[in-house]
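# Observations on chain architecture
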Amino acid sequence: IKLQPLLAEAKKNLRYKKINIQKTNTNSLVFSSEKPKSLFALYKDQEKKYALTDNGRMIAIEGDEKKLIDLYGFLPEEFKTKDLDQVNHAFSENDLSKRVSLVISLQKICTDKSIPLEKIIFKENIGFFIYTNSIEILLGFDSFEKKINRLEGILLSEKNAKTQITRIDLNFLGKAFIKRA
(Lines give C-alpha, C1' and ligand atoms only; values in the text may rest on other atoms or scores of the structure.)
Protein backbone atom coordinates (compact mmCIF):
# COMPACT_ATOMS: atom_id res chain seq x y z
CA ILE A 1 0.00 0.00 0.00
CA LYS A 2 1.26 3.45 -0.90
CA LEU A 3 0.90 5.73 2.11
CA GLN A 4 1.12 9.16 0.45
CA PRO A 5 -2.22 9.00 -1.44
CA LEU A 6 -3.90 7.60 1.68
CA LEU A 7 -2.42 10.35 3.84
CA ALA A 8 -3.41 13.06 1.32
CA GLU A 9 -7.01 11.82 1.34
CA ALA A 10 -7.11 11.65 5.15
CA LYS A 11 -5.79 15.23 5.45
CA LYS A 12 -8.78 16.52 3.49
CA ASN A 13 -10.86 15.86 6.59
CA LEU A 14 -10.96 19.27 8.30
CA ARG A 15 -11.88 17.74 11.65
CA TYR A 16 -8.24 16.88 12.27
CA LYS A 17 -5.23 19.10 12.81
CA LYS A 18 -2.56 16.44 12.35
CA ILE A 19 -2.86 13.04 10.75
CA ASN A 20 -0.16 10.43 10.53
CA ILE A 21 -0.14 6.97 8.99
CA GLN A 22 2.63 4.46 9.62
CA LYS A 23 3.26 0.96 8.38
CA THR A 24 4.06 -1.29 11.34
CA ASN A 25 4.64 -4.45 9.38
CA THR A 26 3.58 -5.87 6.04
CA ASN A 27 -0.11 -6.21 7.00
CA SER A 28 -0.71 -3.36 9.47
CA LEU A 29 -1.17 0.38 9.42
CA VAL A 30 -1.37 2.69 12.43
CA PHE A 31 -3.41 5.87 12.12
CA SER A 32 -2.83 8.67 14.60
CA SER A 33 -4.57 12.02 14.60
CA GLU A 34 -4.95 15.16 16.65
CA LYS A 35 -8.16 17.15 16.71
CA PRO A 36 -7.87 20.93 16.59
CA LYS A 37 -8.96 22.88 19.65
CA SER A 38 -12.16 24.89 19.23
CA LEU A 39 -11.59 28.47 20.37
CA PHE A 40 -14.53 30.55 19.18
CA ALA A 41 -18.25 30.16 18.58
CA LEU A 42 -19.34 31.75 15.31
CA TYR A 43 -22.91 32.78 14.71
CA LYS A 44 -25.07 32.30 11.65
CA ASP A 45 -28.57 33.82 11.73
CA GLN A 46 -28.29 34.65 15.47
CA GLU A 47 -27.56 31.02 16.36
CA LYS A 48 -24.28 29.38 17.37
CA LYS A 49 -23.48 27.23 14.40
CA TYR A 50 -19.75 26.84 14.00
CA ALA A 51 -16.55 26.73 15.98
CA LEU A 52 -13.36 28.36 14.73
CA THR A 53 -10.41 26.12 15.62
CA ASP A 54 -6.80 26.85 16.46
CA ASN A 55 -5.77 25.72 12.98
CA GLY A 56 -8.01 28.37 11.41
CA ARG A 57 -10.83 26.12 10.23
CA MET A 58 -14.52 26.19 10.93
CA ILE A 59 -16.26 23.07 12.13
CA ALA A 60 -19.78 22.36 13.29
CA ILE A 61 -20.11 22.93 17.02
CA GLU A 62 -19.97 19.76 19.04
CA GLY A 63 -19.46 19.19 22.73
CA ASP A 64 -19.39 21.90 25.38
CA GLU A 65 -19.86 25.16 23.52
CA LYS A 66 -20.06 27.17 26.77
CA LYS A 67 -16.25 27.21 26.93
CA LEU A 68 -15.96 28.92 23.56
CA ILE A 69 -15.46 32.67 23.19
CA ASP A 70 -18.34 34.25 21.24
CA LEU A 71 -17.20 35.81 17.98
CA TYR A 72 -19.52 38.23 16.17
CA GLY A 73 -19.22 40.00 12.82
CA PHE A 74 -16.46 37.68 11.72
CA LEU A 75 -18.02 36.19 8.62
CA PRO A 76 -18.65 38.59 5.76
CA GLU A 77 -22.28 38.58 4.59
CA GLU A 78 -21.50 36.70 1.36
CA PHE A 79 -20.26 33.71 3.37
CA LYS A 80 -23.31 33.37 5.58
CA THR A 81 -25.22 31.50 2.87
CA LYS A 82 -22.37 29.14 1.99
CA ASP A 83 -21.85 25.70 3.45
CA LEU A 84 -18.93 24.78 5.69
CA ASP A 85 -16.70 23.42 2.91
CA GLN A 86 -17.11 26.59 0.82
CA VAL A 87 -16.31 28.81 3.81
CA ASN A 88 -13.25 26.76 4.77
CA HIS A 89 -12.00 26.99 1.20
CA ALA A 90 -12.45 30.77 1.38
CA PHE A 91 -10.61 30.89 4.73
CA SER A 92 -7.42 29.86 2.98
CA GLU A 93 -7.75 32.72 0.50
CA ASN A 94 -8.11 36.50 0.54
CA ASP A 95 -8.64 38.73 3.57
CA LEU A 96 -10.48 36.09 5.55
CA SER A 97 -7.29 34.12 6.26
CA LYS A 98 -5.66 37.29 7.61
CA ARG A 99 -8.71 37.87 9.82
CA VAL A 100 -8.48 34.29 11.12
CA SER A 101 -4.79 34.76 11.96
CA LEU A 102 -5.51 38.05 13.76
CA VAL A 103 -8.29 36.67 15.93
CA ILE A 104 -6.29 33.56 16.88
CA SER A 105 -3.24 35.67 17.79
CA LEU A 106 -5.47 38.04 19.78
CA GLN A 107 -6.88 35.12 21.77
CA LYS A 108 -3.37 33.80 22.46
CA ILE A 109 -2.09 37.20 23.64
CA CYS A 110 -5.06 37.63 25.99
CA THR A 111 -4.61 34.10 27.36
CA ASP A 112 -0.88 34.70 27.92
CA LYS A 113 -1.71 37.91 29.82
CA SER A 114 -4.50 36.22 31.85
CA ILE A 115 -7.12 38.58 30.42
CA PRO A 116 -10.40 36.66 30.29
CA LEU A 117 -12.24 37.11 27.00
CA GLU A 118 -16.04 37.10 27.06
CA LYS A 119 -16.55 37.88 23.39
CA ILE A 120 -14.92 39.44 20.35
CA ILE A 121 -16.72 41.58 17.80
CA PHE A 122 -15.28 42.44 14.42
CA LYS A 123 -16.52 45.51 12.52
CA GLU A 124 -15.28 45.97 8.95
CA ASN A 125 -14.30 49.64 9.18
CA ILE A 126 -13.36 49.82 12.89
CA GLY A 127 -11.63 46.55 13.69
CA PHE A 128 -11.70 44.27 16.70
CA PHE A 129 -13.49 44.87 19.99
CA ILE A 130 -12.94 42.58 22.95
CA TYR A 131 -15.06 42.31 26.08
CA THR A 132 -13.57 41.44 29.43
CA ASN A 133 -15.15 41.91 32.86
CA SER A 134 -18.02 43.81 31.17
CA ILE A 135 -15.61 46.35 29.67
CA GLU A 136 -15.72 47.06 25.93
CA ILE A 137 -12.22 47.49 24.51
CA LEU A 138 -11.56 48.77 21.00
CA LEU A 139 -8.29 47.42 19.58
CA GLY A 140 -8.57 48.23 15.88
CA PHE A 141 -6.78 46.08 13.31
CA ASP A 142 -3.18 45.67 14.47
CA SER A 143 -0.48 45.97 17.16
CA PHE A 144 -2.48 43.75 19.49
CA GLU A 145 0.44 42.85 21.71
CA LYS A 146 1.32 46.49 22.44
CA LYS A 147 -2.33 47.36 23.00
CA ILE A 148 -2.94 44.42 25.32
CA ASN A 149 0.16 45.43 27.32
CA ARG A 150 -1.31 48.93 27.69
CA LEU A 151 -4.66 47.38 28.64
CA GLU A 152 -2.99 45.26 31.30
CA GLY A 153 -1.44 48.39 32.82
CA ILE A 154 -4.75 50.26 32.75
CA LEU A 155 -6.63 47.39 34.40
CA LEU A 156 -3.99 47.11 37.13
CA SER A 157 -3.93 50.85 37.85
CA GLU A 158 -7.73 51.03 37.90
CA LYS A 159 -8.20 48.00 40.16
CA ASN A 160 -9.29 50.06 43.19
CA ALA A 161 -10.95 52.95 41.33
CA LYS A 162 -14.31 54.12 42.66
CA THR A 163 -16.01 54.36 39.28
CA GLN A 164 -16.26 51.43 36.92
CA ILE A 165 -14.73 51.57 33.46
CA THR A 166 -17.24 50.75 30.71
CA ARG A 167 -15.14 51.35 27.59
CA ILE A 168 -11.46 51.65 26.67
CA ASP A 169 -10.35 52.79 23.22
CA LEU A 170 -6.78 51.63 22.50
CA ASN A 171 -6.91 52.33 18.79
CA PHE A 172 -4.66 55.40 19.08
CA LEU A 173 -0.91 55.26 19.58
CA GLY A 174 0.24 56.25 23.05
CA LYS A 175 -3.20 57.30 24.29
CA ALA A 176 -6.03 55.31 25.79
CA PHE A 177 -9.47 56.84 25.98
CA ILE A 178 -11.38 55.60 29.02
CA LYS A 179 -15.11 55.96 29.56
CA ARG A 180 -16.56 55.44 33.01
CA ALA A 181 -20.04 54.57 34.20
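Keep in mind that this is a model prediction, so the values were computed, not measured.

## Comments concerning the packing of aromatic side chains
For the structure shown, the criterion picks out four aromatic pairs. Ring geometry for phenylalanine 128 versus phenylalanine 144: centroids 5.6 Å apart, planes at 85°, classification edge-to-face. Of this pair, phenylalanine 128 sits in strand 8 (residues 127-132) while phenylalanine 144 sits in helix 4 (residues 144-157), and the two are 16 residues apart along the sequence. Plain terms: the ring middles of phenylalanine 172 and phenylalanine 177 are 5.3 Å apart, the flat faces sit at 85° to each other, and that makes the pair edge-to-face. Exposure remark for phenylalanine 172: the relative accessible area of 43% places this residue in the partly exposed category. Judged by relative accessible area, phenylalanine 177 falls into the partly exposed class, the value being 43%. Joined through ring pairs, the aromatic side chains of Phe122, Phe128, Phe141 and Phe144 make up one cluster. The ring of tyrosine 131 carries lysine 119 above its face, with NZ or CZ at 4.7 Å from the centroid.

## Points about the side chain of threonine 132
By secondary structure assignment, the location of threonine 132 is in strand 8. A polar contact of 2.6 Å, which involves the side chain of threonine 132, links it to the backbone oxygen of proline 116.

## Describing the nonpolar core
In this structure, Phe40, Leu52, Val103, Leu106, Ile120, Ile130 and Ile148 are the most contacted members of the largest nonpolar core, which totals 32 residues. Not counting chain neighbours up to four residues away, the residues in contact with phenylalanine 40 comprise Tyr50, Ala51, Leu52, Leu68, Ile69, Leu71, Val103, Ile104, Gln107 and Ile120. In terms of nonpolar packing, the next biggest core, distinct from the first, is built from five residues, Ala41, Ala51, Ile61 and Leu68 among them.

The rules behind the values
- Residues numbered from 1 in each chain as written.
- Predicted model: local features only at pLDDT ≥ 70, side-chain atom pairs only at ≥ 80, totals over all residues.
- Heavy atoms only, no water.
- Phe/Tyr/Trp six-rings, centres within 6.5 Å; stacked < 30°, edge-to-face > 60°.
- Helix = DSSP H or I, 4+ residues; strand = E, 2+ residues; numbered from the N terminus.
- Buried < 20%, exposed > 50% of the residue type's maximum accessible area, 1.4 Å probe, protein only.
- Lys NZ or Arg CZ within 6 Å of the ring centre and 35° of its normal.
- Polar contact = N/O pair within 3.5 Å; in protein donor to acceptor, adjacent residues only side chain to side chain.
- Core = buried A, V, L, I, M, F, W, Y, C linked by side-chain atoms within 4.5 Å.
- Contact = heavy atoms within 4.5 Å.

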